[in-house]
Amino acid sequence: MICAGRSPAAPRAGVLSLPAASVGLPMPTIVFERTRHVAHRPEGGRVVDVCDDDLRAGVPFACRHANCGTCRVRLTEGAELCDPPGEDERALLTGRFRDPPDVRLACQLVVRPGEGTVRLRVLL
Ligand code: FES
């Protein structure tokens, strides 16, 4: 709730301070399409950590080291907000699975800090 006449930057003592997304301000958001889980990560970070923090993300993992492909996801939005794949990740995705560039390993995927939305679709 936003009260007219008060700055949202100066909440009163005892008044709940809402995260920026709650009041319509842009912030990094990760959307897991299968489960419709939404995670807000202003600082960016590793997607595997987001999934570990809240199992509602619904991404399956096995090796967590770019060896098995269990965590393959399609980036349907926000690829430009993510670090590029490393050598091991790209080798697995293009060599073994022959995936297109929009497929990534959630165990290796890192979202950069900044504004925008990263949207993931689990392939398994
Ligand atoms: S969990 Fe095995 S490649 Fe990601």
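Residues numbered from 1 in each chain as written. Predicted model: local features only at pLDDT ≥ 70, side-chain atom pairs only at ≥ 80, totals over all residues.

Asks: Sorry, what's going on with the sheet that holds strand β5 (residues 103–105) here?
Replies: Adjacent strands of a sheet form backbone hydrogen bonds with each other and so pair up, either parallel or antiparallel. Pairing is mixed in the open sheet, where five strands are placed in the order β2-β1-β7-β4-β5. At either end of the open sheet lies a strand with only one pairing partner, and these are β2 (37–40) and β5. Looking at each pair of strands side by side, their axes are set apart by 30° on average, direction ignored. Inspection of the sheet shows strand β1 (residues 29–32) paired to strand β7 (residues 117–122) by four bridges, in the parallel sense. (Pairing = 2+ DSSP bridges. Helix = DSSP H or I, 4+ residues; strand = E, 2+ residues; numbered from the N terminus. Axes fitted to C-alpha atoms, helices over the stretch in contact; angles between N-to-C directions.)

Asks: Just to check I follow, could you spell out the pairing of β2 for this structure?
Replies: The two faces of a sheet get side chains in turn, since along a regular strand they alternate between them. Pairing analysis gives four bridges linking β1 to β2, with the strands arranged antiparallel. Bridging across to β2, V31 finds its partner in V38. Linkage of β1 to β2, two consecutive antiparallel strands, is achieved through a turn of four residues, within which R36 is found at a positive phi near 65°.

Asks: Where do I start with the environment of P85 in this structure?
Replies: By the element assignment, P85 lies in the loop between β4 (72–77) and α2 (87–96). Residue classification places P85 among the buried positions, given that 20 C-beta atoms sit within 10 Å. Remark: the alpha-carbon pair of P85 and R104, spanning 19 residues in sequence, is separated by 7.4 Å. Leaving out residues up to four positions away in the same chain, P85 has contacts with R90, L93, R104 and Q108. (Buried ≥ 20, exposed ≤ 12 C-beta atoms within 10 Å, placed from the backbone. Contact = placed C-beta atoms within 7 Å.)

Asks: Explain the nonpolar core to me, please; I cannot follow it from the model alone.
Replies: Side chains of a nonpolar character, in soluble globular proteins, are inclined to be buried together. The biggest cluster of nonpolar side chains holds 20 residues, and the ones touching the most others in it are I30, V47, V59, L105 and A106. Sorting the residues of this core by element identifies β1, α1 (47–53), α2 and β7 as the ones contributing at least two each. Among the elements that make up this core, the one with the highest residue count is α1 (three residues). If we skip the residues at most four places from it in the chain, I30 touches A39, R41, V47, V50, V111, V118 and L120. (Core = buried A, V, L, I, M, F, W, Y, C linked by C-beta atoms within 7 Å.)

Asks: Please explain the environment of E115 as it appears in this structure.
Replies: One can find E115 in the loop between β6 (110–111) and β7. Judged by C-beta crowding, with 12 C-beta atoms within 10 Å, E115 ranks as exposed. Separated by 86 residues in sequence, E115 and T29 have C-alpha atoms that sit 8.0 Å apart.

Asks: For this particular structure, what's the right way to read the confidence of the model for the protein chain?
Replies: Atom-level detail of predicted coordinates should not be read off regions where pLDDT is low. Here the protein chain averages 84 in pLDDT, and 78% of its residues register 70 or above. Scored below 50 in pLDDT, residues 1–25 makes eleven contacts in the model with residues more than four places away or belonging to other chains. (pLDDT = per-residue confidence, 0-100.)

Asks: Could you clarify how one ought to interpret unusual backbone geometry in this entry?
Replies: Where the residue is not glycine, phi is negative for most of them; where a peptide bond is considered, it is trans in most cases. Here A66, not a glycine, exhibits a phi torsion of approximately 60°, which is positive. Its place among the elements puts A66 in the loop between α1 and β4. By the C-beta count within 10 Å, which is 19 here, A66 ends up partly exposed.

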